[in-house]
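Next come the chains, spelled out residue by residue.
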Amino acid sequence: MAIASCFFCVPTPNTTAISESNLTWPHLVSSPRLSSSSFSGVISAKSISFHRRVSISPVFSASIDNGGSDNNGGGLGGGGGGDEGKNNGDRDGGDRDRNRNEAMLLLAESGTELESLPKDLAAAIEAGRIPGSVISKFLELQKSAVMRWLMQFAGFRERLLADDLFLAKLAMECGVGVFTKTAAEYERRRENFFNELEVVFADVVMAIIADFMLVYLPAPTVSLRPPLALTAGGISKFFHNCPDNAFQMALSGTSYTLLQRLGAIGRNGAKLFAVGTTSSLVGTAVTNALIKARRAVDQTSEGEVETVPIVSTSVAYGVYMAVSSNLRYQVVAGVIEQRLLEPMLHQHKLALSALCFAVRTGNTFLGSLLWVDYARFIGIQKSH
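Residues numbered from 1 in each chain as written. Predicted model: local features only at pLDDT ≥ 70, side-chain atom pairs only at ≥ 80, totals over all residues. Heavy atoms only, no water.

### Considering the overall build of the protein chain
Keep this limit in mind: Where helices and strands are cited, they refer to DSSP runs of H or I of at least four residues and of E of at least two residues respectively, numbered from the N terminus. Buried residues are those whose accessible area, probed at 1.4 Å on protein chains only, stays under 20% of the maximum for their type, while exposed residues exceed 50% and partly exposed ones sit between those limits. The contact rule is simple, with two residues in contact once any of their heavy atoms fall within 4.5 Å. For the area figures, the Shrake-Rupley method with a 1.4 Å probe applies, and any residue is considered shielded solely by the protein chains shown.
In terms of helices and strands, the protein chain carries 13 helices and 2 strands. Across the 384 residues of the protein chain, 47% fall into the buried class. Nonlocal contacts in the protein chain, meaning residues at least 24 apart in sequence, comprise 75% of its contacts between residues at least 6 apart. When the accessible surface of the protein chain is summed, it comes to about 17,900 Å², and 65% of that surface belongs to carbon and sulfur atoms.

In structure tokens:
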């Protein structure tokens with residue numbers, strides 16, 4: 001049986017001179033590294049017809065038989081053998097040849113040299129891991145000064161190439177986080193809201209620090225990471241080949257096993273545990289300092305509000321982010337946005353942004369409610 005994450009694609013011929021069937025990579029390139037300008041000297045990009053892969057509908061279908069991700073074969077993620085493994089390898093090889101041809105044609109058409117690209121992107125193009133659609137998006141993003149600056153950073157580059165609305169989603173999450181979390185705290189505490197203001201403040205501080213990472217870490221990416229050294233351990237290879245989002249769609253020429261997708265949840269969970277614990281340490285330390293300052297100024301408040309236990313609260317918040325926040329944000333980014341909203345509203349960016357805003361606002365509010373209930377359930381916060 002198979003678990004999903006691929007495209008149904010159909011070839012759509014262009015209305016130009018010759019077919020891609022007569023345009024294979026070995027005929028065009030004699031050296032392993034060729035600039036797009038020298039490529040265009042061999043053949044004119046505008047006089048060439050090639051079949052582009054057009055996504056019809058995303059279907060979650062990364063087979064658990066298929067061995068590995070774009071670096072295939074490493075460690076625990078390995079899978080299928082025999083004739084089926086050979087067929088999968090042949091199919092991926094054909095996809096990578098097509099990706100390489102399309103990418104080089106687009107670079108030649110735009111007058112962009114391969115050597116002028118970031119090294120990881122250039123290496124991915126040469127390896128055939130990047131389809132033409134990603135190169136088109138890269139060239140489009142380069143027209144904006146802000147995006148061009150952000151694309152210098154590998155993490156932002158991988159995320160912006162996968163989702164050109166990533167920066168807007170980051171701003172949405174951080175912008176509304178403080179308001180929705182405060183509203184959720186009030187909804188849960190009602191008449192005790194001001195009596196528990198120090199605890200509310202700690203929750204909001206933790207949320208602001210964590211919001212950035214909650215969007216950043218589970219966001220789908222175009223993986224540009226180079227393969228690990230042959231001497232790397234099996235566990236390192238396995239997690240290296242895992243996607244950043246467990247539910248993200250795989251690019252042409254790339255596939256993820258079920259185990260690798262589960263590994264993405266575990267890896268992000270470990271990172272979010274560290275983020276949650278650290279942000280909580282900061283938040284609770286600030287809260288305790290405010291409580292002590294209040295007692296020093298107003299002696300009548302002595303004993304009215306207790307200090308927050310730092311270690312237990314920090315560990316509890318780390319566990320909460322590793323489990324609840326991790327799963328919710330992976331589903332929002334990988335399923336709701338990338339698989340449902342994006343295909344329907346791809347040509348309507350304003351409507352897509354509005355729906356993403358609504359979904360993320362609701363998710364943030366839900367998360368705040370769940371945190372208050374969880375904190376009271378395990379006893380680190382008390383209702384008055």
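There's plenty left to go through after this.
### Points about the pattern of salt bridges
Heads up, the condition is: Take a side-chain nitrogen of Lys or Arg and a carboxyl oxygen of Asp or Glu: if they are within 4 Å of each other, that pair is a salt bridge.
Under the defined criterion, the tally for this structure stands at 11 salt bridges. Measuring nitrogen to oxygen at the nearest pair gives 3.4 Å for the salt bridge that ties R225 to D244. One end of the pair, R225, is in the loop between helix 9 (197-216) and helix 10 (234-240); the other, D244, is in the loop between helix 10 and helix 11 (258-297), and 19 residues separate them in sequence. Across the pair R360 and E337 runs a salt bridge whose closest N-O atoms are separated by 2.8 Å. One end of the pair, R360, is in helix 13 (residues 349-377); the other, E337, is in helix 12 (residues 310-344), and 23 residues separate them in sequence. Like R360, the residue E337 is buried in the burial classification. A single network of salt bridges, built from pairs that share partners, joins D163, K169, E173, E337 and R360.

### Overview of the packing of helix 7 (residues 154-162) against helix 8 (residues 166-189)
As a reminder, the rule being used: Think of each axis as a best-fit line through the C-alpha atoms, taken over the contacting stretch in the case of a helix, with angles from 0 to 180 degrees between the N-to-C directions. Roughly parallel means an angle under 35 degrees; roughly antiparallel means over 145; roughly perpendicular covers 65 to 115; every other angle is labelled oblique. Any residue that is not Ala, Val, Leu, Ile, Met, Phe, Trp, Tyr, Cys, Pro, Asp, Glu, Lys or Arg is counted as polar, Gly included; the first ten are nonpolar and the last four charged.
At a closest axis distance of 8 Å, the pairing of helix 7 and helix 8 adopts a crossing angle of 105°. Judged on the interaxial angle alone, helix 8 and helix 7 are roughly perpendicular. Packed against helix 7, whose contacting residues are F156, R159 and L160, the element helix 8 presents F166, L167 and L170 at the interface. Taken together, the residues of the contact of helix 7 with helix 8 break down into 5 nonpolar, no polar and 1 charged.

### Let's talk about helix 13
Inclusion rule: Multiplying one less than the number of residues by 1.5 Å gives the expected span of a helix.
With 29 residues, helix 13 extends 41 Å from end C-alpha to end C-alpha; this agrees with the ideal 42 Å at 1.5 Å per step. Within helix 13, burial applies to L352, S353, C356, R360, N363, T364, G367, S368, L369, W371, V372 and A375. In this structure, the buried side of helix 13 is in contact with helix 8, helix 9 and helix 12. With its phi angle positive at about 90°, G379 sits one or two positions after the end of helix 13.

### With respect to the nonpolar core
Note on soluble globular proteins: their nonpolar side chains tend to be buried together. Definition in use: By convention a nonpolar core is built from buried Ala, Val, Leu, Ile, Met, Phe, Trp, Tyr and Cys residues, the set being connected through side-chain atoms within 4.5 Å.
One finds L121, I125, I130 and L161 to be the most contacted residues of the largest nonpolar core, which totals 44 residues. In this view, I130 contacts N99, A103, L121, A124, I125, I135, V222 and L224; residues no more than four positions away in its chain are not counted. Residues L165, L345, L352 and C356 belong to the second largest nonpolar core, which totals 6 residues.

### Details of the packing of helix 12 against helix 13
The following threshold applies: Each crossing gets its hand from how the near helix is turned against the far one by less than a right angle, where anticlockwise is left-handed and clockwise is right-handed.
Running from N to C, helix 12 and helix 13 cross one another at 155°; their axes reach a closest spacing of 11 Å. With respect to their mutual orientation, helix 12 and helix 13 come out roughly antiparallel. The way helix 12 lies across helix 13 gives a crossing that is right-handed. For the contact of helix 12 with helix 13, a count of residues per class yields 17 nonpolar, 6 polar and 5 charged.

### So, the confidence of the model for the protein chain
Basically, it comes down to this: Note on scores: pLDDT gives the predictor's confidence for each residue, bounded by 0 and 100.
Taken as a whole, the protein chain shows an average pLDDT of 77; of its residues, 73% reach a score of 70 or greater. Between residues 1-82, whose pLDDT stays under 50, and residues either more than four places distant or in other chains, the model counts 185 contacts.

### Here we look at the environment of I336
If you trace the backbone, I336 turns up in helix 12. It is 8.8 Å that separates the C-alpha atoms of I336 and C356, two residues lying 20 residues apart in sequence.

### Examining the environment of V222
Positionally, V222 belongs in the loop between helix 9 and helix 10. C-alpha of V222 to C-alpha of D163: the two residues are 59 residues apart in sequence and 9.0 Å apart in space. In contact with V222, not counting residues within four places along its chain, are I130, V134, E158, L161, A162 and L251.

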